[in-house]
Each structure stands twice: as structure tokens, then as C-alpha cells.
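# Chains, contacts and geometry: an overview
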Amino acid sequence: MSDDGASPAGSDDLGAALAAAIQGARAGRGLTVASLAEASGVSRAMISKVERGEAQPTAALLAKLSSALGLTLSELIARAEGGTARLARRRDQPLWTDPETSYARRAVSPPASTGVELVEVELPPGAEVSYPAESFRFVDQQIWVLAGRLRFREGAETHELNAGDCLQLGTPQDCTFANPSAHGCRYLVVLGKPALGRRAL
């Protein structure tokens, strides 16, 4: 993995479509690679590699880019998949895997959803995924643990969550999702989409 948060391009089915979605979203907002780099904190070289499909971005890097593009991570993945259906069969739900941690993120909500996003995440044993505070621009976001244990660090506060526990996030802070156990952790993230231009992770 590079210092910028990406791995060499692999066999991820979403890879090429995601690269095109990032480039399209940037162009749609009239941003140059340089201006997106400044807004996201990701280097111009890395953005160019990602857009050309030469590097596969990690979850943290994608969160920075999507936030700078005014999109949630789920919306960015949905753009890569396309479609406006109101029904999302499990076999058709976009699944993206972080090349660094093998964290797997499934966009459960149908593409036509405009008010709420449901995201199912599987976090392998010992894995950690961190996001900067600017990625958490939301009105309401909750984490519901479906199986296993989740250690969620929210700024200086640490939440130890077990199956069935549900946490509502507070004001945006640097956050880390960690699985401290020897078994997989599966949780659902519920995002209330903002109405005034603010975005969720």
C-alpha cells in the first residue's frame, strides 16, 4: 500500500466503475485534480492513479474523496453501480472490499433511496478502519452491531459494543472502527441523509 492510502489495482469488480464514478463526480462539480486534491487532502498523483484505475483506494481514502465531492461513500459506490431501482436484491447490492484490511462494505439500500442509507459492514478479526472527522457530516448516524464485538473510538471516547447494541454518533470527530476479537464482526450503519447539503459517511 502507498503512503496515500491505496493499493495496486486488483480484481475488485467495482474497481473500474468506481474510478469512472470518481472522475465523473469531479468533472460534474467542475473540479480539477488539483482542486480536489486540495479539498480532500489526497495528493494529485494518487487521485490520478485512482481515476486511471492504476490504484485501488482504501476505505479512508475513499471517504476523503467522497466527502470532498459532496457525496456519501454509499452514494459514490451507487454511482459506480448505476440504476434507479426501488428493490435491491442481496445478489445485486454493491459490495466493496478495502484492499488494506479486507473490511467489506455492502450498500443495502436500493439506488432510489433518497432519505435513508443502510450499509452492512463485515470487519475481520483484528482489523481497524479509521475515518477523519470531515467524513462524518451527517444529521443522524447509528451503528447497530449484528454479530461479534466492535470497538468504536469516537474522538477521545471509546465504545465497546456487542451484538444487539446500537450507538448513535455524536458531533463529527475522528473515528475508528476496530474488531478486537478473534472472530468476525458484522454491523449495520444507518445514515439519515441530510436535507441541507450536509453529507454522511
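Starting from 1, residues in each chain are numbered consecutively following that chain's sequence as written. Per-residue local features are limited, in this predicted model, to residues with pLDDT of at least 70; the limit for side-chain atom pairs, both in listing and counting, is 80 or more; totals at the level of whole chains, interfaces and linings are taken over all residues. With hydrogens and water set aside, each side-chain value is computed from the structure's full complement of heavy atoms.

## Describing the sheet that holds strand S3 (residues 95-97)
- On the basis of which strands lie adjacent, the open sheet formed by six strands has the order S3-S4-S5-S12-S7-S10 and antiparallel pairing. Only two strands of the sheet have a single neighbouring strand rather than two, namely S3 and strand S10 (166-168). Strand-to-strand twist in this sheet, taken as the mean axis angle between neighbours without regard to direction, amounts to 20°. When DSSP finds two or more bridges between two strands, those strands count as paired. Strands here are runs of E lasting at least two residues and helices are runs of H or I lasting at least four, both read from the DSSP assignment and numbered beginning at the N terminus. Here the axes come from fitting lines to C-alpha atoms, over the contacting stretch only for helices, and the angles between their N-to-C directions go from 0 to 180 degrees.

## What to know about the pairing of strand S8 (residues 149-154)
- Here S8 shows one buried face, formed by Leu 150, Phe 152 and Glu 154, and one open face, formed by Arg 149, Arg 151 and Arg 153.
- Of the pairings in the sheet, the one linking S8 to strand S9 (residues 157-162) comprises six bridges and is antiparallel in character. Within S9, the position partnered with Arg 149 by the bridge is Asn 162.
- In this sheet, strand S11 (residues 175-178) lies alongside S8 in antiparallel orientation, the contact comprising four bridges. Bridge assignment links Phe 152 to a residue of S11, and that residue is Phe 177. Exposure categories follow from relative accessible area, calculated using a 1.4 Å probe and restricted to protein chains: below 20% of the type maximum is buried, above 50% is exposed, and the middle band is partly exposed.

## Describing the sheet that holds S8
- Reading across the sheet, the four strands line up as S6-S11-S8-S9 and stay open at both edges, with antiparallel pairing between neighbours. What marks the edges here is a single partner per strand, and that holds for strand S6 (128-131) and S9. Pairwise comparison of adjacent strand axes, ignoring direction, gives a mean angle of 15° for this sheet.

## Some thoughts on the packing of helix H2 (residues 33-40) against helix H3 (residues 44-51)
- Interhelical geometry of H2 versus H3 gives an angle of 115° and a closest axis separation of 9 Å. In this view, H2 runs roughly perpendicular relative to H3, as classed from their interaxial angle. Relative to H3, the crossing made by H2 is right-handed. Along its contact with H2, which presents Val 33, Ala 34, Leu 36, Ala 37 and Ser 40, the element H3 presents Arg 44, Ile 47, Ser 48 and Glu 51.
- Nonpolar residues are Ala, Val, Leu, Ile, Met, Phe, Trp, Tyr, Cys and Pro. Charged residues are Asp, Glu, Lys and Arg, and all others, Gly as well, are polar. Looking at the contact of H2 with H3 residue by residue, the classes come out as five nonpolar, two polar and two charged. Reported orientations rely on four angle classes, namely roughly parallel under 35 degrees, roughly antiparallel over 145, roughly perpendicular from 65 to 115, and oblique for the rest. Left-handed describes a crossing in which the near helix is turned anticlockwise from the far one by less than a right angle; the clockwise case is right-handed. Any two residues having at least one pair of non-hydrogen atoms within 4.5 Å are treated as being in contact.

## Looking at the pairing of strand S12 (residues 185-192)
- Summarising burial for S12: six of the eight residues are buried, a large majority.
- Of the pairings in the sheet, the one linking strand S7 (residues 140-147) to S12 comprises seven bridges and is antiparallel in character. Each residue of the ladder has a partner; that of Val 145, found in S12, is Tyr 187.

## Some points on the side chain of Asn 179
- Summarising the element assignment, Asn 179 is placed in the loop between S11 and S12.
- Any pair of nitrogen or oxygen atoms within 3.5 Å is treated as a polar contact; in protein, a donor-acceptor pairing is required on top of that, and neighbouring residues in sequence qualify only through side-chain atoms on both sides. Here Pro 124 takes part through its backbone oxygen, which lies 3.2 Å from a polar atom of the side chain of Asn 179.
- Excluding residues within four positions of it along the chain, Asn 179 makes contact with Leu 123, Pro 124, Pro 125, Gly 126, Ala 127, Arg 149, Gly 184 and Cys 185.

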